[in-house]
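As a plain string of letters, each chain reads:
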Amino acid sequence: QVQLVESGGGLVQAGGSLRLSCAASGFTFSSSTMSWYRQAPGKERELVATIATGGGSINYSDSVKGRFTISRENVKNTVYLQMNSLKPEDTAVYYCNARSDYYGTNNWGKGTLVTVSS
């Protein structure tokens, strides 16, 4: 059974930091491209950051570039999102996504809420 469990969300003041984690199980983590998405109230879900299977290719949305860092530990089946210099507009539910074009799979976690107060 595929599981993606996010943790680390919470309430933080603007300028603060949070580190999100996503623990994966039930599939071949090391063969999956891992991403973080977010969805703010009343808005569509948007891609925040993506990291390739070996970690060698990383991409960020323009809105978080220079502030957020995505990383992964394949031995722990975990992907992280370090979020620094948080802004109120970063407030959203953050979702972990695992995609494997080889296996034809695309799985989502249930999300973790990040609230940034001004």
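This text follows the structure it describes.
Notes on the structure in this doc start here. As the structure is a computational prediction, the values presented were derived from the model and not from experiment.

1. A few points about the nonpolar core
Of all hydrophobic cores here, the largest spans 27 residues; its most connected members are W36, V79, L81, M83 and Y94. Contributions of two or more residues to this core are made by strand 3 (18-25), strand 4 (33-39), strand 5 (46-51), strand 7 (68-73), strand 8 (78-83), strand 9 (92-100) and strand 11 (112-117).

2. Observations regarding the state of the cysteines
Going through the model one piece at a time under the given rule, you end up with one disulfide. Between the sulfur atoms of C22 and its disulfide mate C96 the distance is 2.1 Å. On the S-S bond that ties C22 to C96, the torsion sits near -85°, and the link is left-handed. Of this pair, C22 sits in strand 3 while C96 is found in strand 9, placing the two residues 74 residues apart along the sequence.

3. Here's the deal with unusual backbone geometry
Of note in the backbone geometry, N77 takes a positive phi value of approximately 50° without being a glycine. Position of N77 among the secondary structure elements: in the loop between strand 7 and strand 8. One non-glycine residue with positive phi stands out, namely S85, at about 50°. A relative accessible area of 40% places S85 in the partly exposed class.

4. Section: the sheet that holds strand 7
The four strands lie next to each other as 1-3-8-7, forming an open sheet whose pairing is antiparallel. Every interior strand has two partners, whereas the edge strands, strand 1 (3-7) and strand 7, have only one. Between one strand axis and the next, the sheet turns by 15° as a mean value, whatever way the strands run. Judged from the five bridges that link them, strand 1 and strand 3 form a sheet pairing that is antiparallel. By the bridge assignment for strand 3, E6 is matched with C22.

5. Digging into the pattern of salt bridges
By the definition in use, this model includes six salt bridges. As a salt-bridge pair, E73 and K76 come within 4.0 Å of each other at their nearest N and O atoms. Classification of E73 by relative accessible area gives partly exposed; the value is 28%. The network of salt bridges with shared partners includes R38, E46, R67 and D90.

How each quantity is defined
- Residues numbered from 1 in each chain as written.
- Predicted model: local features only at pLDDT ≥ 70, side-chain atom pairs only at ≥ 80, totals over all residues.
- Heavy atoms only, no water.
- Core = buried A, V, L, I, M, F, W, Y, C linked by side-chain atoms within 4.5 Å.
- Buried < 20%, exposed > 50% of the residue type's maximum accessible area, 1.4 Å probe, protein only.
- Helix = DSSP H or I, 4+ residues; strand = E, 2+ residues; numbered from the N terminus.
- Disulfide = S-S within 2.5 Å.
- Pairing = 2+ DSSP bridges.
- Axes fitted to C-alpha atoms, helices over the stretch in contact; angles between N-to-C directions.
- Salt bridge = Lys/Arg side-chain N within 4 Å of Asp/Glu carboxyl O.

Just geometry here; none of it tells us what the structure is for.
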